[in-house]
Amino acid sequence: MNDALAGGVLPRQPAKLPQGRGQTRPRDPDEAGSVTRDGVRIYWERYGDGERTVLLLPTWSIVHSRVWKLQIPYLARHFRVLTFDGRGNGRSDRPAGAEAYSTQEFALDAIAVLDATETASAALVALSCGALWATIMAAEHPERVERIAYIGPAVALARNHPERDQYAFDDVLDTDDGWAKYNSHYWLRDYPGFLRFFAGKCVSEAHSSKQIEDFIGWALETDSATLADTSRGLALGGAELWKEQMSRVSCPTLVLHGDLDLIRPHAQGAALAEATGGELVTLEGSGHLPNIRDPVRVNLLLHDFLSAGLRPPSRRVARRAPARHPRRALYISSPIGLGHAHRDVAIARELRRLCPDLEIDWLAQHPVTEVLAAAGERIHPASEELASESGHISSESERHRLHCFQAIRRMDEILLANFMVFHELVRDEPYDLWIGDEAWELDYFLHENPELKTAAYAWLSDFVGWLPTQSGGVEEAMLTADYNAEMLEQVARFPRVRDRAIFIGEPDDIVPGDFGPGLPSIREWTGRHFRFSGYVTDAVALSSREREAVRAELGYRPGERVCIVTVGGSGVGESLLRRVIASVPEARRLVPGLKMVVVAGPRIDPAPLPAVDGLEFHGYVPDLPRRLAACDLAIVQGGLATTMELTAARRPFIYVPLEQHFEQNGHVRYRLERHRAGRRLEFADATPAALAQAIAGELVREVDYLPVPVDGAARAAATIAELL
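Residues numbered from 1 in each chain as written. Predicted model: local features only at pLDDT ≥ 70, side-chain atom pairs only at ≥ 80, totals over all residues. Heavy atoms only, no water.

**Q** I'd like a description of the overall build of the chain, backed by residues and values.
**A** A count of helices and strands for the chain gives 26 helices and 21 strands. Computed over its C-alpha atoms, the radius of gyration of the chain comes to 28 Å, within 12% of the 27 Å expected for a compact globule of 724 residues. Across the 724 residues of the chain, 59% fall into the buried class. Within the chain, contacts between residues separated by at least 24 positions form 75% of all contacts whose residues are at least 6 apart in sequence. Carbon and sulfur atoms provide 50% of the accessible area of the chain, an area that totals close to 27,400 Å². (Helix = DSSP H or I, 4+ residues; strand = E, 2+ residues; numbered from the N terminus. Rg over C-alpha atoms; globule rule 2.2 N^0.38 Å. Buried < 20%, exposed > 50% of the residue type's maximum accessible area, 1.4 Å probe, protein only. Contact = heavy atoms within 4.5 Å. Areas by Shrake-Rupley, 256 points an atom, 1.4 Å probe, with all protein chains shown as cover.)

Structure representation (structure tokens):
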């Protein structure tokens, strides 16, 4: 948190939403604009073109429309979705004075957005204070409102939490404890302190660090004086007038309210449902913002309510024959790097050998689809609806640095959007088996929503446990431990979600240490909850005759020294490629006639890379393991797939792990050191001169690696086949 924000007041002006690292969205707006009403500019966005328009209303101006980030991609596949930043935050204006933030003003802003987007009527979704303006709209403009879904409505129809009513908002208090922080004078002294307190109350569920972090970030886009005006403005409408307006709500209503809501008691939502004749759904274990903490359940409830009365959508349905029919599997392979894809194709091949009638569909995205297409695999059309995870990872990287743990944390809305694609696919088409190779969205949200599991499920991973980086300090150590603790609790609470958990490796490949303070040993816990397949690779150590045959096929001259440089499929490795290219003249001086082959992969365009004598460029090559087995030396990142292929092929290699990448610098490094494989270089030390020296030295090094068994695909397939 920025200490400069701890005191004083930020300027009243529209803030630009950060669009840099960490802001990759699963879906951009199809249209965006603004409408000005009484001199106040209101920013809006539109997504999708469904039969019904759904207006996701703003809530209290402590947050803006990004609070709906986990609903928009899913709902926009079914409806025409509108959002707007409520006055006081986001890209909308911040007028001064409490009168500018009355409930009536927010309701009129919503009507203005409907007019600006040529929307005759819409279904409304209202969160917390948004219940006030949704109700006003339905009462005063009933022809514009088709139905209302309320989430955690902030309505004074039942007694509030007593601790909230102890202190007056504008009084000078002699304490800052608890709800005394909800005070205008305290906000001026320590606005971030209030945000930390209030965010913790809004998202009170355990393991909610990312949601709280988001909430505080959105709230820092406004300022304490503006927020104080909005708080005072909420009191201007008058409770009696609002209750009279509520009595005129005639459209269908739905109320979703958590039974552990610390901001607004569940009784208030129940009273609103009764007063409007609507349906009440109690969200057990949920706090005030279930849309960001329990998004799958909220999305499905919203969809069912919002689609009522519409024509049923066409669905993909696979009809089964009444008697014998092929068994079907859906395979989800992580797109973060290509190693998963190669090993998953090998496992799929072995599965078909064991179960000849097995049909396998792939829910996959670029660059995995490149590998699958080359292997003749069947990619499900629903894959086109997936948001790009590898694109997000690329956007998170700079130079040769990728803070992998934080990048995956910031991928939350992409993972949720992709899980919703998966859920609709398996809802419409029956499968006997789901296989997820580090498909984080599948594993996490199935454990959060175990009632959605309708098939056998196998989970594959080549590491277990989030590890803090050295630069992350105490805070990151706490975060990784919290993420690990949540996973351990999920597995303990719902042990049958994963019918098989398979570790791609051997027990000795697991890092020592524990999941965090007070948590189990990683090695001991993994041994109890996983089966071990050994490493999955197609790479084998070639005999001299076999190597020469492959080299001749690739056009390498007899006796020519060949160094292959490859940086995987994520698009993160361009900086390393440029360093290696810069080393070529010196390397060729030290090793005359050296041939350098750069494989840029599917996400890096080789065209802008410098051309140097003795350098050969390729984009994506489907037979990379075979080429690596035939080279004299390789230079790679620190990814597990490529480094272990080189280890299995017994080829010398230099690996340069991405800075701040916990897996490459922790899990992978441990495994390679155990196998006595490769030479590790830090990127900071991998200057062109140092790389040239390392190339010359490694070309004459005799390898002494531990052998890597090559039956991992068969072992993994045999374990998975038990589920069929």
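**Q** Which residues make up the sheet that holds strand β14 (residues 500-503), and what values go with them?
**A** The strand order β11-β10-β9-β12-β13-β14-β15 describes an open sheet built from seven strands, whose pairing is parallel. At either end of the open sheet lies a strand with only one pairing partner, and these are β11 (378-379) and β15 (531-532). When β14 meets β15, the two strands line up parallel, connected through two bridges. Opposite Ile502, over in β15, you have Arg531 as the bridge partner. Across the sheet, helix α17 (residues 440-448) is in contact with β9 (328-333), β12 (433-437) and β13 (456-461); its angle to β13 comes to roughly 130°. (Pairing = 2+ DSSP bridges. Axes fitted to C-alpha atoms, helices over the stretch in contact; angles between N-to-C directions.)

**Q** Pulling in residues and values, what's your account of the nonpolar core?
**A** Counting 141 residues, the largest nonpolar core has Leu55, Leu57, Ile62, Met137, Phe194 and Phe198 as its most contacted members. Excluding residues that lie within four positions of it along the chain, Leu55 makes contacts with Leu82, Phe84, Ala110, Leu114, Ala122, Ala123, Leu124, Val125 and Met137. With 60 residues, the next largest nonpolar core counts Leu554, Val562, Ala634 and Tyr705 among its residues. (Core = buried A, V, L, I, M, F, W, Y, C linked by side-chain atoms within 4.5 Å.)

**Q** Run through the sheet that holds strand β2 (residues 40-47), naming residues and quoting values.
**A** Taking strand neighbours across the sheet as the criterion, the eight strands line up as β1-β2-β4-β3-β5-β6-β7-β8 in an open arrangement whose pairing is mixed. In the strand order of this sheet, the two ends are held by β1 (31-37) and β8 (279-283), each with one partner. Pairs of neighbouring strands in the sheet enclose a mean axial angle of 20°, with direction left out of account. Where strand β7 (residues 253-258) lies against β8, five bridges are found, and the strand directions are parallel. When the bridges of β8 are listed, Gly258 appears paired with Leu283. Helix α2 (residues 103-116) rests against β1, β2, β3 (53-56), β4 (80-84) and β5 (122-127) of the sheet, and its axis sits at about 130° to β1. Along the sheet face, helix α9 (residues 266-276) touches β6 (145-151), β7 and β8 and points at about 170° away from the line of β7.

**Q** How would you summarise the pattern of salt bridges if you had to cite specific residues and measurements?
**A** Scanning all chains against the criterion turns up 67 salt bridges. With a shortest N-O distance of 3.0 Å, Asp361 and Arg328 are connected by a salt bridge. One end of the pair, Asp361, is in strand β10 (residues 359-363); the other, Arg328, is in strand β9, and 33 residues separate them in sequence. The buried category is assigned to Asp361, whose relative accessible area is 4%. (Salt bridge = Lys/Arg side-chain N within 4 Å of Asp/Glu carboxyl O.)

**Q** Requested: an account of the packing of helix α5 (residues 191-202) against helix α6 (residues 209-219), with residues and values cited.
**A** Look at α5 against α6: their axes get within 9 Å of each other, and the N-to-C directions meet at 140°. Judged on the interaxial angle alone, α6 and α5 are oblique. Here α5 and α6 pass one another in a crossing that is right-handed. Only Ile212, Phe215, Ile216 and Ala219 of α6 make contact with α5, whose side of the interface consists of Tyr191, Leu195, Arg196, Phe198, Ala199, Gly200 and Cys202. Counted by class, the contact of α5 with α6 contains nine nonpolar, one polar and one charged residues. (Parallel < 35°, antiparallel > 145°, perpendicular 65-115°, else oblique. Left-handed = near helix turned anticlockwise from the far one by under 90°. Nonpolar A, V, L, I, M, F, W, Y, C, P; charged D, E, K, R; others polar.)

**Q** Could you give an account of helix α21 (residues 574-590), with specific residues and numbers?
**A** With 17 residues, α21 should reach 24 Å at 1.5 Å per residue; the first-to-last C-alpha distance of 24 Å fits that figure. Within α21, the full set of buried residues consists of Leu576, Leu577, Val580, Ile581, Ser583, Val584 and Ala587. Along its buried surface, α21 packs onto β16 (562-566), β17 (595-599), β18 (615-618), β19 (633-637), β20 (653-656) and α25 (688-698). (Expected span 1.5 Å × (residues − 1).)

**Q** Pulling in residues and values, what's your account of the pairing of β4?
**A** Of all the five residues making up β4, five are buried; the element is thus mostly covered by neighbouring parts of the structure. Neither face of β4 is exposed, since Arg80, Leu82 and Phe84 on one face and Val81 and Thr83 on the opposite face are all buried. In terms of strand pairing, β3 meets β4 through four bridges, oriented parallel. Directly across from Leu55, in β4, lies its bridge partner Leu82.

**Q** Describe the packing of helix α3 (residues 130-140) against helix α8 (residues 239-246), naming the residues involved and giving the relevant values.
**A** Two numbers describe how α3 lies on α8: the axes approach to 8 Å, and their chain directions differ by 55°. In terms of orientation, α3 and α8 fall into the oblique class. Note on packing geometry: the crossing formed by α3 with α8 is left-handed. The segment α3 lies against α8, with Ala131, Leu132, Thr135, Ile136, Ala139 and Glu140 engaging Trp242, Gln245 and Met246.

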